[in-house]
Amino acid sequence: MARKQGDSESGKLGNKIYYTWHGRQCERSMPTSVANPQTEAQQAYRSNFAMVSKLSSYMKEAHLIGLHWHAIREHNSTYAIFRNLNKDCFTPDGEINLPRVIVSRGSVEQVEITSATIDNGALTVTFDTRVYGGKTTDEFYLFVYCPVLCTGRLATPVPRSSGLVTAILPPEWLQPTEPTQAIPQSDSHALHLYSFLRSTRGRTSDTIHISLHV
């Protein structure tokens, strides 16, 4: 609704919008239509964005730490950075390509994961014990993601020099079943392990990923 302010009007009246610009009374017509393309490519983009947004909530325990440094530098949230880094992380079939997912990024040197085993519900991951550049205070983080149930768990971090981290897995993670939430994901019947290193100053390494079939 248009409002009268002295000799000027502002607001909408019919198909006209009245406003003041540089002290002058102006008007413009309402648009006859709003651009909202429903092309196949646009719909795919919206679908992909929605899936990555969901994944960011499922993996928040990992990226809240792994992307924290970047969030501070870019004055943004780790959720937004996660979505931007993983917006193209899809297979040709439109599934999320889990091995390509990034939960951490940085210049801290990585270590090599040497083994991953499950025994009586306990996951044990070993990694290269060599310490590069004398960074004995770096910590090793491990995030275990179960795509069947769309949930994950962050293990207690360990020193970089320890070479071993363990995590107790819920029994339902080890029982093959149908996905309970509609988010297409590649290799959904495997556990996906995402690890990274974090220095005392909060800097992190790039994501280290391996999958483990159960």
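Since this is a predicted model, take the numbers as computed values, not measurements. (Residues numbered from 1 in each chain as written. Predicted model: local features only at pLDDT ≥ 70, side-chain atom pairs only at ≥ 80, totals over all residues. Heavy atoms only, no water.)

Topic: the overall build of the chain
Phase 1: Counting secondary structure elements, the chain contains four helices and 12 strands.
Phase 2: Sorting the 214 residues of the chain into buried and exposed places 38% on the buried side.
Phase 3: Put simply, 58% of the contacts in the chain that link residues at least 6 apart link residues at least 24 apart.
Phase 4: Only carbon and sulfur atoms are counted for the fraction: they give 50% of the accessible area of the chain, which is about 12400 Å². (Helix = DSSP H or I, 4+ residues; strand = E, 2+ residues; numbered from the N terminus. Buried < 20%, exposed > 50% of the residue type's maximum accessible area, 1.4 Å probe, protein only. Contact = heavy atoms within 4.5 Å. Areas by Shrake-Rupley, 256 points an atom, 1.4 Å probe, with all protein chains shown as cover.)

Some details on the nonpolar core
Phase 1: With 24 residues, the main nonpolar core has Leu123, Val125, Phe140, Leu142 and Val144 as its most contacted residues.
Phase 2: Looking at this core, the elements that each hand over two or more residues are strand S5 (113–119), strand S6 (122–127), strand S7 (139–146), strand S10 (164–168), strand S11 (190–198) and strand S12 (208–213).
Phase 3: For this core, the element with the most residues is S7, which contributes four residues.
Phase 4: The residues touching Val144, leaving out its near neighbours within four places in the chain, are Leu123, Thr151, Gly152, Arg153, Leu169, Trp173, Leu191, His192 and Leu193. (Core = buried A, V, L, I, M, F, W, Y, C linked by side-chain atoms within 4.5 Å.)

Points about the sheet that holds S5
Phase 1: Overall, antiparallel pairing links the three strands, which are arranged S5-S6-S10 in an open sheet. Looking at which strands have only one partner, the edges of the open sheet turn out to be S5 and S10. Each adjacent strand pair in this sheet contributes to an overall mean axis angle of 15 degrees, direction not counted.
Phase 2: Bridging between S5 and S6 involves six bridges; their strand directions are antiparallel. Bridging across to S6, Thr117 finds its partner in Thr124. (Pairing = 2+ DSSP bridges. Axes fitted to C-alpha atoms, helices over the stretch in contact; angles between N-to-C directions.)

Considering the packing of aromatic side chains
Phase 1: Summed over the entire model, instances satisfying the criterion amount to two aromatic pairs.
Phase 2: On the basis of an interplanar angle of 10 degrees and a centroid distance of 3.9 Å, the ring pair of Phe127 and Phe140 is categorised as stacked. Taken as a pair, Phe127 in strand S6 and Phe140 in strand S7 lie far apart in primary sequence, 13 residues in all.
Phase 3: Using a relative accessible area of 0% as the deciding quantity, one classes Phe140 as buried.
Phase 4: Of note, Arg153 hangs over the ring of Trp173, and the distance from its end group to the ring centre comes to 5.9 Å. (Phe/Tyr/Trp six-rings, centres within 6.5 Å; stacked < 30°, edge-to-face > 60°. Lys NZ or Arg CZ within 6 Å of the ring centre and 35° of its normal.)

With respect to unusual backbone geometry
Phase 1: One non-glycine residue, His75, lies in positive phi territory at about 50 degrees.
Phase 2: Since its relative accessible area comes to 74%, His75 is described here as exposed.
Phase 3: Unusually for a residue other than glycine, Asn120 sits at a positive phi of about 55 degrees.
Phase 4: Along the chain, the position of Asn120 falls in the loop between S5 and S6.
Phase 5: The exposure class assigned to Asn120 is exposed, which follows from its relative accessible area of 78%.

Focus: the state of the cysteines
Phase 1: With the rule as written, the count across this model stands at zero disulfides.
Phase 2: Free cysteine Cys150: the closest other cysteine sulfur is in Cys146, separated by 8.3 Å.
Phase 3: You can call Cys150 buried: its relative accessible area is 5%. (Disulfide = S-S within 2.5 Å.)

Comments concerning the pairing of S7
Phase 1: Judged by how many residues are buried, S7 sits mostly within the fold: seven of eight residues are covered.
Phase 2: Direction of pairing for S7 relative to strand S9 (residues 158–159): antiparallel, over a ladder of two bridges. Across the sheet, the residue bridging to Glu139 is Pro159, located in S9.
Phase 3: Bridging between S7 and S11 involves seven bridges; their strand directions are antiparallel. Along S11, the bridge assignment pairs Glu139 with Arg198.

Quick word on the environment of Asp88
Phase 1: Mapping Asp88 onto the fold places it in the loop between helix H4 (78–85) and S5.
Phase 2: Assessed through its relative accessible area of 55%, Asp88 is described here as exposed.
Phase 3: A C-alpha to C-alpha distance of 9.3 Å links Asp88 and Val52, two positions 36 residues apart in sequence.

Brief notes about the side chain of Asn86
Phase 1: Along the polypeptide, Asn86 turns up in the loop between H4 and S5.
Phase 2: You can call Asn86 buried: its relative accessible area is 2%.
Phase 3: Beyond its immediate chain neighbours, meaning those up to four positions away, Asn86 contacts Val52, Arg100, Val101 and Ile102.

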